[in-house]
Amino acid sequence: PTNEKIIKYKEGLAESYRVNGFLDSALVIYSKLQIDFHNIYAADPFRQAILNNNMASLYDDLGQYNKAEEGYLNSISYFDKSKTQTNDYLIEGVSNLLILYDKTNQFEKSLPLIQKLSELLKDKAIKNISFLSEKNRVELIDYIIPRWVYVSSFAVKYSEYNPELLKSIIENNLVFKNILF
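So, here is what we can say about the structure in this document. Nothing here was measured: the structure is a model prediction, and the numbers come from that model.

### A closer look at the overall build of the protein chain
Thought 1: Scanning the protein chain from terminus to terminus reveals eight helices and zero strands.
Thought 2: Going from the N terminus to the C terminus, the protein chain shows its helices and strands as α-α-α-α-α-α-α-α.
Thought 3: In terms of C-alpha radius of gyration, the protein chain reaches 18 Å, essentially the compact-globule figure of 16 Å for 181 residues.
Thought 4: Going through the 181 residues of the protein chain one by one, you find that 42% of them count as buried.

### Comments concerning the packing of helix H6 (residues 107-128) against helix H7 (residues 134-157)
What describes two packed helices is the angle between their axes and the distance between those same axes.
Thought 1: The interhelical angle for the contact between H6 and H7, taken along N-to-C directions, is 155 degrees, at an axis separation of 10 Å. In terms of axis orientation, H6 runs roughly antiparallel to H7. At the point where H6 passes H7, the crossing takes the left-handed sense. Contact residues: Ser110, Ile114, Leu117, Ser118, Leu121, Lys124, Ala125 and Asn128 in H6; Leu140, Tyr143, Ile144, Arg147, Trp148, Val151, Phe154 and Ala155 in H7.

### As for the nonpolar core
Thought 1: Among the nonpolar cores identified, the biggest contains 48 residues, and Tyr30, Val94, Ile114, Leu121 and Ile144 are the most heavily contacted of them.
Thought 2: Elements with a minimum of two residues in this core: helix H1 (3-19), helix H2 (23-40), helix H3 (45-61), helix H4 (65-81), helix H5 (88-103), H6, H7 and helix H8 (163-180).
Thought 3: Sequence-distant contacts of valine 94, defined by excluding residues within four places in its chain, comprise Ile76, Leu113, Lys116, Leu117 and Leu120.

Definitions and limits used
Residues numbered from 1 in each chain as written. Predicted model: local features only at pLDDT ≥ 70, side-chain atom pairs only at ≥ 80, totals over all residues. Heavy atoms only, no water. Helix = DSSP H or I, 4+ residues; strand = E, 2+ residues; numbered from the N terminus. Rg over C-alpha atoms; globule rule 2.2 N^0.38 Å. Buried < 20%, exposed > 50% of the residue type's maximum accessible area, 1.4 Å probe, protein only. Axes fitted to C-alpha atoms, helices over the stretch in contact; angles between N-to-C directions. Parallel < 35°, antiparallel > 145°, perpendicular 65-115°, else oblique. Left-handed = near helix turned anticlockwise from the far one by under 90°. Contact = heavy atoms within 4.5 Å. Core = buried A, V, L, I, M, F, W, Y, C linked by side-chain atoms within 4.5 Å.

Below, the structure is given as structure tokens:
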């Protein structure tokens, strides 16, 4: 097998260990994958973003929130640099970091991310909705709605810190309603 196939196998194994609660085993594999990624995917921001996001999720599961934050921030940075992929991965990276900030009561750090996630979701809807079949349109709506509800609830939760953000989210709610329905 090629190095890439071996790396993909290790990635799958590490993520399976993480999801199933074998966090120490996942950490060992992910740590070794960092070296492989550095050697093979140094110039590929998309692959680097996925590794950073997965490792950040692992650190989050381990309660190592500072490392998780660093990983999510790196992941978002790499996703921003990766112009060849859809923004679904960037949406997930921003969502993961928002959840971490919510969990650790870092509302001041979350405010710009709420706006970023709102814009990413709006862009996804605008760019895709008119070109899709009915089935794919329903899938897109099913993808966007739960994430949008999360953005909206987050904005309401922290509205006392930034009332303008809540106003912006409400305006985007109207835009979403017009785009999606």
